[in-house]
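A closer look at the structure
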Amino acid sequence: MTMRNAWIAIVLSMLASSAVKAEEAVVSYKTLGLELALDAARAALKECQKRGYQVAVAVVDRFGTPQVLLRDRFAGPHTPPTATGKAWTSASFRNSTTELNAISQPGMMQAGLRNLPGVVIIGGGMMIEGGGAMLGAIGVSGAPGGDADEACAKAGIAAIQDKLDF
């Protein structure tokens, strides 16, 4: 009987481990919907306009793929790619670009981040989080300084925050 019990235990453990492997093959995640992305971008643009800044605002999904790009009429031609780069950088590194700027100064351990292709480490890129997950990111470019860009990005996130906490 003990030999039979041992075989049953082996078979059961094999079945259990294959079930775990099957679960790992399928991944589910939450990401920012288009309407919320547009609402965040509009709110950020409106905040910057209220402050007298001509900017571009980009919102990317959790993978860094652009969803929305808004550019104020007189925002410089560099602002759309910079805003998109800030949002992509924030989504990629799961951090604000202001924080990444602080930890990647020359001579610091993370200084090499600045040399990676596509990375824009200037304040104004922020993650959009809700329900314990990173859903996307927003980037603002064109205000006089990264701190002003970030203030507009925060306003964009604040405008949709009640819809993110599910």
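Structure: above.
Scope of this entry: the structure provided in the associated data block. (Residues numbered from 1 in each chain as written. Predicted model: local features only at pLDDT ≥ 70, side-chain atom pairs only at ≥ 80, totals over all residues. Heavy atoms only, no water.)

On to the pattern of salt bridges, then. Scanning all chains against the criterion turns up 5 salt bridges. Note that glutamate 47 is salt-bridged to arginine 51, the shortest N-O span being 2.8 Å. Assessed through its relative accessible area of 15%, glutamate 47 is described here as buried. For lysine 154, the salt bridge is made with glutamate 150, and the minimal N-O distance between the two is 3.5 Å. Of the two residues, lysine 154 and glutamate 150 both sit in helix α5 (residues 146–164), 4 residues apart, roughly one turn of that helix. Classification of lysine 154 by relative accessible area gives partly exposed; the value is 44%. Members of the salt-bridge network, linked through shared partners, are Glu47, Lys50 and Arg51. (Salt bridge = Lys/Arg side-chain N within 4 Å of Asp/Glu carboxyl O. Buried < 20%, exposed > 50% of the residue type's maximum accessible area, 1.4 Å probe, protein only. Helix = DSSP H or I, 4+ residues; strand = E, 2+ residues; numbered from the N terminus.)

The end-to-end C-alpha distance of α5, which contains 19 residues, comes to 25 Å, matching closely the 27 Å that a straight helix rising 1.5 Å per residue would cover. Largest kink in α5: about 30°, centred on alanine 158. Close packing links the buried residues of α5 with α2 (34–50), α3 (79–93), α4 (97–103), β3 (125–130) and β4 (133–141). (Expected span 1.5 Å × (residues − 1). Bend = angle between axes of the 7 residues up to and from the residue. Contact = heavy atoms within 4.5 Å.)

Right, let's talk about a nonpolar patch on the surface for a bit. The grouping of Val27, Tyr29 and Phe63 at the surface amounts to a nonpolar patch, some 360 Å² of accessible area in total. Here tyrosine 29 lies in the loop between α1 (2–24) and α2. (Patch = residues over 30% accessible without salt bridge, like charges linked within 9 Å, V, L, I, M, F, W, Y side chains within 5 Å. Areas by Shrake-Rupley, 256 points an atom, 1.4 Å probe, with all protein chains shown as cover.)

Let us now look at the packing of α2 against α5. A pair of packed helices is characterised by two quantities: the angle between their axes and the separation of those axes. α5 packs onto α2 with a crossing angle of 140° between their chain directions and a minimal axis gap of 7 Å. Overall, the two elements α2 and α5 adopt an arrangement that is oblique. The handedness of the crossing between α2 and α5 is right-handed. Contact residues: α2 offers Leu36, Asp39, Ala40, Ala43, Ala44, Glu47 and Cys48, while α5 offers Ala151, Cys152, Ala153, Ala155, Gly156, Ala159, Ile160, Lys163 and Leu164. Class assignment for the residues of the contact of α2 with α5 results in 12 nonpolar, 1 polar and 3 charged. (Axes fitted to C-alpha atoms, helices over the stretch in contact; angles between N-to-C directions. Parallel < 35°, antiparallel > 145°, perpendicular 65-115°, else oblique. Left-handed = near helix turned anticlockwise from the far one by under 90°. Nonpolar A, V, L, I, M, F, W, Y, C, P; charged D, E, K, R; others polar.)

Before going further, it helps to examine the pairing of β3. Taking burial as the measure, the 6 residues of β3 include 5 buried ones, the bulk of the element. Both β3 and β4 contribute to a ladder of 6 bridges, which runs antiparallel. Looking at the pairing, glycine 125 lines up with glycine 139 of β4. Hairpin connection between β3 and β4: a loop of 2 residues separates the two successive antiparallel strands, and glycine 131 in this loop has a positive phi of roughly 60°. (Pairing = 2+ DSSP bridges.)

Turning next to the state of the cysteines. Put plainly, two cysteines are in a disulfide when a covalent bond ties their sulfur atoms together. Scanning the model with the defined rule gives 1 disulfide in all. Residue cysteine 48 pairs covalently with cysteine 152 via a disulfide, S to S 2.1 Å. Residues cysteine 48 and cysteine 152 share a disulfide whose torsion about the S-S bond is about 120°; that sign makes it right-handed. Separated by 104 residues along the polypeptide, cysteine 48 in helix α2 and cysteine 152 in helix α5 bring together distant segments of the chain. (Disulfide = S-S within 2.5 Å.)

Another point: the packing of aromatic side chains. Counted under the stated rule, the structure contains 1 aromatic pair. Seen in terms of ring centroids, tyrosine 29 and phenylalanine 63 are 5.0 Å apart; in terms of plane orientation they differ by 90°. Their pairing is edge-to-face. Of this pair, tyrosine 29 sits in the loop between α1 and α2 while phenylalanine 63 sits in the loop between β1 (56–61) and β2 (66–71), placing them 34 residues apart in sequence. Just above the ring of phenylalanine 63 sits the side chain of arginine 62; from NZ or CZ to the centre is 5.8 Å. (Phe/Tyr/Trp six-rings, centres within 6.5 Å; stacked < 30°, edge-to-face > 60°. Lys NZ or Arg CZ within 6 Å of the ring centre and 35° of its normal.)

What follows is about the sheet that holds β1. An order of β2-β1-β4-β3 is seen for the 4 strands of this open sheet, with the pairing classed as antiparallel. The sheet terminates laterally at β2 and β3, the two strands that pair on one side only. Going from strand to strand, the sheet's axes swing by 20° on average, the running direction of each strand aside.

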